[in-house]
Amino acid sequence: PCHTKTNIMFLKTHKTASSTILNIMFRFAERYNLTVALPANELFHLGYPETFKASFVEGFQSIGQNYNIMCNHLRFNPLEVRKVMPANTFYFSILRNPIHLLESSYVYYKDYVPAFRISKDVNEFLASPVKYYLPADYKQNIYGRNIMWFDFGYDNNAQDNKNYIQGVLREIEQNFHLILIAEYFDESMILLKHALCWDLDDVVYFKLNFRSQDTVQNLTPESKERIKRWCSLDWELYLHFNKSFWRRIEETIGLEELEEEVNQLRTRQKELMETCLPGQEAVEKDHINNKALLPFQSGAANILGYNLKEDLDNRTLRTCQRMVMPELQYMSHLYAVQHPHKKRKKLPF
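Residues numbered from 1 in each chain as written. Predicted model: local features only at pLDDT ≥ 70, side-chain atom pairs only at ≥ 80, totals over all residues. Heavy atoms only, no water.

This is how it is decided: UniProt positions are given in the numbering used here, feature names are shortened, and annotations may be inferred rather than shown by experiment.
The name that an unreviewed UniProt entry assigns to the chain is G3ST2 sulfotransferase, with the source organism given as Thinocorus orbignyianus. Note on the chain: under the UniProt heading Subcellular location (unreviewed entry), the record states "Golgi apparatus membrane".

This is how it looks when you write it as structure tokens:
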């Protein structure tokens, strides 16, 4: 028998379609009136890039281990996370091909990362990363190398040593029940649905926190190969869990059933887009009518968002609003609901 899982820890990795998953988790929490482990006080993430501590969670002293969902950015620390989440918690995360990930990080964090700021473009940076990536700027430069490795709690500047890598991969397999792959997002959602015993509507989504095509920088073939070497820890991580992802699908769902369910998911997504969105697509930041639905803009990226149809009935409007609500606004909303006596979080834009 399949029992719906409601105690869930999602390790939100950077630039991996994780904001879309965060929205899925927040909607699920609201639908079933679950408690989310939210960042304390003024914070918008759970202490990142510091290694996670239980005290980073709002209300931890009084709520203890009674949170259902944890999904905001944090740097993974299993012992501290287990102080917050119940013993039967389901742990999952998502990875992305480091080639696409590094280009995305470069554009998104261009203004924040010294190694990116002082190079002209991503290809110039990759031609000689050590020229720009200075050890003294280690804390600000984390997005510039092996960022997924760092998010999982490990040293992103560690030596590429086979035994060390194998040990880390084994540890991740022990700590996490499931690792999804961003390049196969719909397939990932079906696998997640099965693993959590959720409904199709629990995993249906609109893509969030993604940028317009005109801000994508074209990587040369040489740059793509250099990323595999420069981010070799992330590359090994990705290759390993890409294999286990497909193995898991074959063992639990099968490719035929997977294809059928992916089609059902896309059909449902299309229905919701027709219901909610004029033109059924995302729009550039300057064309978002309701500024409360404007996503946070970063670096040289142009982060797209959504307009909603006018004259929707109240119930439909609520559903559509939740589907398109950007990460920071949704977190702020949940914080106000869960902690009504606390000062509301001020959005940083």
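Further notes follow.
## Considerations on the packing of aromatic side chains
Heads up, the rule is: In this analysis, rings of Phe, Tyr and Trp, with Trp reduced to its six-membered ring, are considered paired at centre separations within 6.5 Å, and the interplanar angle assigns stacked below 30 degrees, edge-to-face beyond 60, and tilted for intermediate values. The criterion is that NZ of a Lys, or CZ of an Arg, lies within 6 Å of the ring centre and within 35 degrees of the ring normal, and then a charge sits over that ring.
According to the stated counting rule, one finds 29 aromatic pairs in the structure shown. Taking 5.2 Å as the distance between ring centres and 90° as the angle between the ring planes, the aromatic pair formed by F116 and F125 counts as edge-to-face. It is K345 that lies over the ring of F44; its NZ or CZ is 5.9 Å from the centre. K345 extends its terminal NZ or CZ atom over the ring of Y335, reaching a point 4.2 Å from the ring centre.

## Topic: the state of the cysteines
Selection criterion: For the purposes of this analysis, a disulfide is any pair of cysteine sulfur atoms at a distance within 2.5 Å. Strands are runs of DSSP state E lasting at least two residues, helices are runs of H or I lasting at least four, and both sets are numbered from the N terminus onward.
Here the structure, examined in full by the defined rule, presents two disulfides. The disulfide that involves C2 links it to C197, with 1.7 Å between the sulfurs. Residues C2 and C197 are joined by a disulfide whose S-S torsion is about -85°; by sign, that bridge is left-handed. One end of the pair, C2, is in the segment before β1 (8–11); the other, C197, is in the loop between α10 (185–196) and α11 (200–203), with 195 residues separating them in the sequence.

## Examining the pairing of strand β3 (residues 90–95)
Threshold: Only protein chains enter the accessibility calculation, which uses a 1.4 Å probe; a residue whose area is less than 20% of its type maximum is buried, one above 50% is exposed, and one in between is partly exposed. Two strands qualify as a pair provided that DSSP identifies no fewer than 2 bridges between them.
Of all six residues making up β3, six are buried, and the element is well covered by its neighbours. Residues F90, F92 and I94 line one face of β3 and the alternating positions Y91, S93 and L95 line the opposite face, and both faces are buried. Bridge count for β1 against β3 is four bridges, and the pairing is parallel. Following the sheet pairing, F10 is matched in β3 by F92. The sheet contact formed by β3 and strand β4 (residues 178–181) spans four bridges and is parallel. When the bridges of β4 are listed, F92 appears paired with L178.

## Describing a negative patch on the surface
Filter applied, for reference: Like charges are joined within 9 Å and nonpolar side chains (Val, Leu, Ile, Met, Phe, Trp, Tyr) within 5 Å, but only among residues with over 30% relative accessible area and no salt bridge; these make up the patches. For the accessible areas, the method is Shrake-Rupley and the probe is 1.4 Å, while residue cover comes only from the protein chains on display. Salt bridges, as used here, are contacts in which a Lys or Arg side-chain nitrogen is within 4 Å of a carboxyl oxygen on Asp or Glu. In this tally, Asp and Glu contribute negative charge and Lys and Arg positive charge; neither His nor the terminal groups of the chain are included. Taken as the charge location is NZ of Lys, CZ of Arg, CG of Asp or CD of Glu.
Together, E256, E257, E259 and E260 make up a negatively charged patch on the protein surface. Following the sequence through the fold, E256 ends up in helix α14 (residues 255–276).

## Considering the UniProt feature "coiled-coil region" (unreviewed entry) in the chain
In the numbering used here, UniProt assigns the feature "coiled-coil region" (unreviewed entry) to residues 248–275. Here residues 248–275 is 93% helix and 0% strand, with 34 Å between the C-alpha atoms at its ends.

## Some thoughts on α10
Rule in force here: To estimate how far a helix should reach, multiply one less than its number of residues by 1.5 Å.
The terminal C-alpha atoms of α10, which comprises 12 residues, lie 16 Å apart, in line with the 16 Å expected from a rise of 1.5 Å per residue. Buried residues dominate α10, accounting for 11 of its 12 residues. The set of residues buried in α10 consists of F185, D186, E187, S188, M189, I190, L191, L192, K193, A195 and L196. Once α10 ends, the next one or two residues include C197, with phi positive near 55°.

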